[in-house]
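The chain contents come next:
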Amino acid sequence: MTGEDFAQLLSEFTHSAESGDGARFASHFTEDAVYYDYIYGPHQGRADIAHMMQELFHRDAADYRWEMFDPVFDGVKGYAWSLSSFTSKIPQFKGRPVVIDGMSRFIVRGGLIAEYRESVNGGVAMAQLGVAPDRMTKVFTRWTGWLRERPETVEYLARPKGSRKAG
């Protein structure tokens with residue numbers, strides 16, 4: 001896969017996400033893929049990824065838009081900056097518009113996404129929704145747990161300052 005192919009994959013990936021069609025969205029992933037969503041957590045396999053997009057995300061969000069910019073790809077790993085927006089369908093926040101930016105990391109195998117991770121400042125989204133501070137604290141605590149429990153984070157924190165992971 002070339003950088004141009006990767007950019008095309010991202011375009012198709014985001015159009016599929018916007019469509020709300022879970023099967024269409026999941027078709028961009030390998031059978032054993034993992035999608036790490038900053039709100040809904042990790043989802044493994046096409047069926048679970050399709051469910052997350054169609055039954056969770058689109059349950060909660062209307063008018064969804066997602067665009068990727070400045071993609072880079074080394075043949076295995078790809079990164080892109082994104083903007084996304086939606087209108088909340090969650091009853092206590094219904095009708096409130098949200099716009100966020102983020103960074104995405106893709107591991108690609110055989111032209112399909114094998115792993116997806118995103119880094120999004122969810123606090124920006126919550127502020128636009130008007131989420132109460134005590135609820136934000138609970139969510140941020142959950143996100144902190146996810147970050148600290150990741151094998152990469154555990155390994156990073158175990159190394160002394162100044163050391164670097166090899167290769």
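Please refer to the structure placed before this passage.
Reference entry: report on the structure contained in this document. (Residues numbered from 1 in each chain as written. Predicted model: local features only at pLDDT ≥ 70, side-chain atom pairs only at ≥ 80, totals over all residues. Heavy atoms only, no water.)

## Regarding the nonpolar core
Here comes step 1: Phe13, Phe25, Phe29, Tyr35, Trp66, Phe106 and Tyr116 are the most contacted members of the largest nonpolar core, which has 39 residues in total.
Here comes step 2: Those residues in contact with Phe106 that sit more than four places away from it in its chain are Phe6, Leu10, Phe13, Met68, Val76, Lys77, Gly78, Ile113, Glu115 and Tyr116. (Core = buried A, V, L, I, M, F, W, Y, C linked by side-chain atoms within 4.5 Å. Buried < 20%, exposed > 50% of the residue type's maximum accessible area, 1.4 Å probe, protein only. Contact = heavy atoms within 4.5 Å.)

## Overview of the pattern of salt bridges
A side chain of one charge can pair with a side chain of the opposite charge if their charged atoms are brought near each other.
Here comes step 1: Applying the stated criterion across every chain yields a total of nine salt bridges.
Here comes step 2: The shortest N-O distance in the salt bridge between Arg159 and Glu155 comes to 2.7 Å.
Here comes step 3: In this structure Arg159 comes out as partly exposed when scored by relative accessible area, which is 24%.
Here comes step 4: Of the residues examined, Glu155 reaches a relative accessible area of 31% and is grouped as partly exposed.
Here comes step 5: Through salt bridges with shared partners, one network takes in Arg105, Glu115, Arg117, Arg150 and Glu152. (Salt bridge = Lys/Arg side-chain N within 4 Å of Asp/Glu carboxyl O.)

## Some remarks on helix α3 (residues 46-60)
Here comes step 1: Over its 15 residues, α3 extends 20 Å from the first C-alpha to the last, a length consistent with the 21 Å expected when each residue adds 1.5 Å.
Here comes step 2: Here α3 has its buried residues at Ile49, Ala50, Met52, Met53, Leu56, Phe57, His58 and Asp60. (Helix = DSSP H or I, 4+ residues; strand = E, 2+ residues; numbered from the N terminus. Expected span 1.5 Å × (residues − 1).)

## Structural notes on the sheet that holds strand β3 (residues 61-73)
Here comes step 1: With mixed pairing, the six strands of this open sheet are ordered in space as β2-β1-β6-β5-β4-β3. The open sheet terminates on both sides in strands that have one partner only, identified here as β2 (41-44) and β3. Strand-to-strand, the axes of this sheet are offset by a mean angle of 20°, without reference to chain direction.
Here comes step 2: Across four bridges, the pairing between strand β1 (residues 29-37) and β2 is antiparallel. The residue bridging Asp37 from the neighbouring strand is Gly41, located in β2. (Pairing = 2+ DSSP bridges. Axes fitted to C-alpha atoms, helices over the stretch in contact; angles between N-to-C directions.)

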